[in-house]
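Residue-level structural notes
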Amino acid sequence: MRKRNNRVSVRFTDEELDHFKRLVERTGLSAEEYLRQIIRGVVPRNSPPADYYKMMRQLYRVGNSLNQIAQKAHVLNVMDRQRYDRAVAEFEQAVRNITEAIILPEKM
């Protein structure tokens, strides 16, 4: 059985409808989900750019390479471990910041 049994009808001017459709299209959500998020107090963000996931995969590969280099350097004892750990933490924080800025919705 359906959870959402109630229907709401809204009337828009042509301009309002065009604007609403553009807003919805930018997010990649359905019109219904867009409105549900608005009602919950969440401002839907635009979909990430097409290259976002490709760039993130590349960043994760760089991070993985850093970890492999660090493991080898630790074994050979040729690296300042604290300095490296700080650099990796900064890298990981940058990835989180990018992801949050692009993907996570804002609260109203």
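Attention in this report is confined to the structure presented alongside it. Owing to the predicted nature of the structure, the values given are computational and were not obtained by experimental measurement.

Calculation criteria
- Residue positions are given per chain, counted from 1 along the sequence in the order it is written.
- Where totals are concerned, whole chains, interfaces and linings use all residues; where local detail is concerned, this predicted model gives features only for residues with pLDDT of at least 70, and gives and counts side-chain atom pairs only at 80 or more.
- Side-chain calculation: all heavy atoms of the structure are included, whereas hydrogens and water are not.
- Going along the chain from the N terminus, every DSSP run of H or I of four or more residues is numbered as a helix, and every run of E of two or more is numbered as a strand.
- Put simply, the radius of gyration uses C-alpha atoms, and a globule should come to 2.2 Å times the residue count raised to 0.38.
- Exposure categories follow from relative accessible area, calculated using a 1.4 Å probe and restricted to protein chains: below 20% of the type maximum is buried, above 50% is exposed, and the middle band is partly exposed.
- Note on definitions: a residue-residue contact is assigned when non-hydrogen atoms from the two residues lie within 4.5 Å.
- For every accessible area listed, the method is Shrake-Rupley and the probe measures 1.4 Å; residues are considered covered only by the protein chains on display.
- Patch construction takes residues with relative accessible area above 30% that form no salt bridge. Like charges are linked within 9 Å, and nonpolar side chains (Val, Leu, Ile, Met, Phe, Trp, Tyr) are linked within 5 Å.
- In what follows, salt bridge is the name for a side-chain nitrogen of Lys or Arg lying within 4 Å of a carboxyl oxygen of Asp or Glu.

Side note on the overall build of the protein chain
- Assigned secondary structure in the protein chain consists of four helices and two strands.
- What you see in the protein chain, going N to C, is helices and strands ordered as α-α-β-α-α-β.
- A compact globule built from 108 residues should have a C-alpha radius of gyration of about 13 Å, whereas the protein chain, at 22 Å, is more than 25% larger.
- Overall, the protein chain is about 70 × 30 × 25 Å in size when its C-alpha atoms are taken along their principal axes.
- Each of the 108 residues in the protein chain was classed as buried or not, and the buried ones make up 16%.
- In the protein chain, once contacts between residues fewer than 6 apart in sequence are set aside, the share between residues at least 24 apart is 55%.
- A total of about 9300 Å² of accessible surface is found on the protein chain, and carbon and sulfur atoms cover 52% of it.

Points about a nonpolar patch on the surface
- On the surface, V8, V10, F12 and L17 cluster together to form a nonpolar patch covering roughly 370 Å² of accessible area.
- Within the element layout of this structure, L17 appears in helix α1 (residues 14-27).
- Residue L17 is classed as partly exposed on the basis of its relative accessible area of 31%.

Notes on the pattern of salt bridges
- For the coordinates displayed, the defined rule picks out two salt bridges.
- The salt bridge involving E33 is made with R36; its shortest N-O contact spans 3.6 Å. On the criterion of helical spacing, the pair formed by E33 and R36 is a turn pair, its members being three residues apart in helix α2 (residues 31-39).
- The exposure class assigned to E33 is partly exposed, which follows from its relative accessible area of 22%.
- For R36, a relative accessible area of 25% translates into the label partly exposed.
- Its salt-bridge partner being R40, residue E33 comes within 3.0 Å of it at the nearest N-O pair.
- Each of E33, R36 and R40 takes part in a single network of salt bridges with overlapping partners.

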